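# Structural features, examined
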Amino acid sequence: NILAKKDSVVLMPTGGGKSICYQLPALMLEGTAIVVSPLISLMKDQVESLRANGIAARALNSNNNDTENVMLRRECMQGKVKLLYISPERLDSEIFQTKLRHMKVCLITVDESHCISQWGYDFRPPYLKIAEIRQYIPNTPIMALTATATPKVVEDIQYRLGFKKNNVFQTSYERKNVTYNVIHEADKYGLMYRLLQKMTSGSGIVYVRSRKRTKIIADWL
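Quick look at the structure, then. Since we're looking at a predicted model, the values are computed, not measured. (Residues numbered from 1 in each chain as written. Predicted model: local features only at pLDDT ≥ 70, side-chain atom pairs only at ≥ 80, totals over all residues. Heavy atoms only, no water.)

### Regarding the overall build of the protein
Across its full length, the protein carries eight helices and seven strands. Principal axes of the C-alpha set define a box for the protein whose edges measure 60 × 40 × 35 Å. Per-residue burial for the protein yields a buried fraction of 40% across its 221 residues. Long-range pairs, those at least 24 residues apart, make up 77% of the contacts in the protein between residues at least 6 apart in sequence. (Helix = DSSP H or I, 4+ residues; strand = E, 2+ residues; numbered from the N terminus. Buried < 20%, exposed > 50% of the residue type's maximum accessible area, 1.4 Å probe, protein only. Contact = heavy atoms within 4.5 Å.)

Take a look at the structure:
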C-alpha cells in the first residue's frame, strides 16, 4: 500500500512489528522517510538500531544543539538521510517546514497516532497540526501507527491526517502469554511479594497511580 502511495492506519500490539511496516518501504523508496515520534528515548533506540545496520537514520530533537540541527536539515535537503525521526513540535516549526519544501519525502509515519484523537488536544497539541505539512508534499503517503485505538479513534485519525480514502490494517490484540485476574486484597504489599516470589523467570510490571507511589513501591521492592 505504501509503495502504491496509499495512506494507511496500522494497529498492532507493542512488539507486533509496526516499525518494519515503515522501515522496509522507506528503504525501497527514493527519498527521506519522516517519522513523527513523541519520545526522544524511542527515537534514540530506533536510530541506534538502524545505524548499527548501516542505515542512514537521524533524529531531529532537543538533544541536538542548534549547529547539529542546522547540519541535519542540510543533509536532509541533500538526500543523505533515509529515515528522519522528529518530534511533532519540531515538525510544526516554521524553519523545518521551510526546509521541507526542498526535501524529497517518500513517506510520513506518525507513531503513537492515537495522540491525534484521544490525547492530542491536551497532551501534544502539535499532533493535530501534522496534516498541515501535506500541502507541501501532497503526493507523499502517510502511515499512522498505534497499539491502542477504538474504532472511533481510528476514524478520527484518518480524518485529521487528511486521508484520501480510509484504509486500516489491524492484527489481533490477543496476547497468549498474558492472563488477566481481578484480586481483591487489602494487603497489597503482601500479595505483591507472594506473586513476585512465584516468578521463576522473566520480568514483572507493577502499575501505580502516581509517580510518588511508584517511588515508594520501588524503594520497598
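### Some thoughts on the environment of Ser62
Along the polypeptide, Ser62 turns up in the loop between β3 (57–60) and α3 (66–77). Classification of Ser62 by relative accessible area gives exposed; the value is 52%. Once the C-alpha coordinates of Ser62 and Arg90 are considered, the two residues, 28 residues apart in sequence, prove to be 8.8 Å apart. Those residues within four positions of Ser62 in sequence are excluded, and the remaining contacts are Ile40 and Arg90.

### Re the environment of Glu89
Relative to the helices and strands, Glu89 is located in helix α4 (residues 88–91). In this structure Glu89 comes out as partly exposed when scored by relative accessible area, which is 35%. Expressed as a C-alpha distance, the spacing of Glu89 and Asn61, which sit 28 residues apart in the sequence, is 9.0 Å.

### Digging into the pairing of strand β4 (residues 83–86)
Covered by surrounding structure in β4 are Leu83 and Tyr85 together with Leu84 and Ile86, the residues of both alternating faces. Pairing analysis gives four bridges linking β3 to β4, with the strands arranged parallel. Within the sheet, the bridge partner assigned to Ala57 lies in β4 and is Leu83. Handedness of the β3-α3-β4 crossover: right-handed. (Pairing = 2+ DSSP bridges. Right-handed = clockwise from strand over helix to strand, strands pointing away.)

### Let's talk about the environment of Asp7
Relative to the elements of secondary structure, Asp7 occurs in the segment before β1 (8–11). Assessed through its relative accessible area of 7%, Asp7 is described here as buried. Along the sequence, Asp7 and Lys44 sit 37 residues apart, while their C-alpha atoms lie 26 Å from each other. In this structure Asp7 touches Arg134, Thr140, Pro141, Ile142, Gly162, Phe163, Lys164 and Asn167, once residues within four positions along its chain are discounted. At 2.9 Å, the side chain of Asp7 forms a polar contact with the side chain of Arg134. Here Ile142 takes part through its backbone nitrogen, which lies 2.9 Å from a polar atom of the side chain of Asp7. (Polar contact = N/O pair within 3.5 Å; in protein donor to acceptor, adjacent residues only side chain to side chain.)

### A short note on the sheet that holds strand β7 (residues 168–170)
An order of β3-β4-β2-β5-β6-β1-β7 is seen for the seven strands of this open sheet, with the pairing classed as parallel. Across the chains shown, the open sheet's two edge strands, defined by having one partner strand only, are β3 and β7. Each strand of the sheet is rotated relative to its neighbour by a mean of 20°, with strand direction disregarded. (Axes fitted to C-alpha atoms, helices over the stretch in contact; angles between N-to-C directions.)

### Regarding the pattern of salt bridges
Proximity of charged atoms lets side chains of opposite charge pair with each other. Going through the model one piece at a time under the given rule, you end up with seven salt bridges. Measuring nitrogen to oxygen at the nearest pair gives 3.6 Å for the salt bridge that ties Asp92 to Lys129. Taken as a pair, Asp92 in the loop between α4 and α5 (94–100) and Lys129 in the loop between β5 (105–110) and β6 (142–146) lie far apart in primary sequence, 37 residues in all. Residue Asp92 is classed as partly exposed on the basis of its relative accessible area, which comes to 26%. (Salt bridge = Lys/Arg side-chain N within 4 Å of Asp/Glu carboxyl O.)

Purely geometric stuff here, so don't read any function into it on its own.
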